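# What the coordinates show
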Amino acid sequence: MTAPLSPEQIDRLARRRAGAKLGWYVHATVYVLVNLVVFAMSRYGFGNRPWSIFPLLGWGTGLALHGISVFVLGTGNGLRERMIQKERERLQRERGGS
């Protein structure tokens, strides 16, 4: 239903997707490393109070949303492409029926 992509468009799309996924992997790695340090500080450096859970949950929510945007809703992903295709079909029906 959609026009085939040229090799240049495929390459550009593949690079954009790979860059988005790599960005998420870097984000996840930094999240784990920083939160290990924060946990160690809350456990051993500044008393025995578990305050490290708050940055862990806050940043974890951001990481989860980032992952959803990359892997679920990302450009060219299956869910997004299906939604776009349904909208195209709906618009074509509306224009064809008028």
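Heads up: the structure comes first, above all this text.
Okay, so let's go over this structure.

The rules behind the values
- Chains are numbered independently. Their residues run from 1 in the order of the written sequence.
- In view of the model being predicted, local features appear only for residues whose pLDDT reaches at least 70, and side-chain atom pairs are presented and counted only at 80 or more, with totals across whole chains, interfaces and linings using the full set of residues.
- Think of the side-chain values as coming from all heavy atoms in the structure, minus any hydrogens and water.
- Under the scheme used here, helices are H or I runs from DSSP no shorter than 4 residues and strands are E runs no shorter than 2 residues, and both carry numbers assigned from the N terminus.
- Here the expected span of a helix is defined as 1.5 Å times the quantity of residues minus one.
- For every residue, the accessible area (1.4 Å probe, protein chains only) is compared with the maximum for its type, and the residue is labelled buried under 20%, exposed over 50%, or partly exposed between those bounds.
- Contact criterion: two residues are considered in contact whenever any of their non-hydrogen atoms come within 4.5 Å of each other.
- For this analysis, a ring pair means two rings from Phe, Tyr or Trp (six-membered ring only for Trp) whose centres lie within 6.5 Å, classed as stacked if their planes differ by under 30 degrees, edge-to-face if by over 60, and tilted for the remaining angles.
- Every case where a carboxyl oxygen of Asp or Glu lies within 4 Å of a side-chain nitrogen of Lys or Arg is listed as a salt bridge.

## Quick notes on helix H1 (residues 7-45)
- Here H1 contains 39 residues, and its C-alpha end-to-end distance of 55 Å stays within 8% of the 57 Å for a straight helix at 1.5 Å per residue.
- Of all the residues in H1, the buried ones are Leu13, Ala28, Tyr31, Asn35, Val38 and Ser42.
- Those residues of H1 that are buried are in contact with helix H2 (53-72).
- Directly after H1, the chain includes glycine 47, whose backbone phi takes a positive value near 90 degrees.

## Things to note about the packing of aromatic side chains
- On inspection of all chains with the given rule, the structure shows four aromatic pairs.
- Measuring from centroid to centroid gives 5.5 Å for tryptophan 24 and tyrosine 25, while their planes differ by 70 degrees, and the two rings are edge-to-face.

## A word on the pattern of salt bridges
- For the structure on display, the rule yields two salt bridges.
- A salt bridge links aspartate 11 to arginine 15; its shortest N-O distance comes to 3.0 Å. With aspartate 11 and arginine 15 both in helix H1, this residue pair falls four residues apart, about one helical turn.
- Using a relative accessible area of 37% as the deciding quantity, one classes aspartate 11 as partly exposed.
- With a closest N to O distance of 2.7 Å, arginine 90 and glutamate 87 form a salt bridge. In this pair, arginine 90 and glutamate 87 are both assigned in helix H3 (residues 78-97), three residues apart and thus about one turn of the helix distant.
- For arginine 90, a relative accessible area of 31% corresponds to the partly exposed category.
- Residue classification places glutamate 87 among the partly exposed positions, given a relative accessible area of 39%.

## Things to note about the side chain of serine 52
- Mapped onto the secondary structure, serine 52 falls in the loop between H1 and H2.
- Residue serine 52 is classed as buried on the basis of its relative accessible area of 9%.
- Ignoring sequence-local partners within four residues, the contact set of serine 52 consists of Val38, Phe39 and Ser42.

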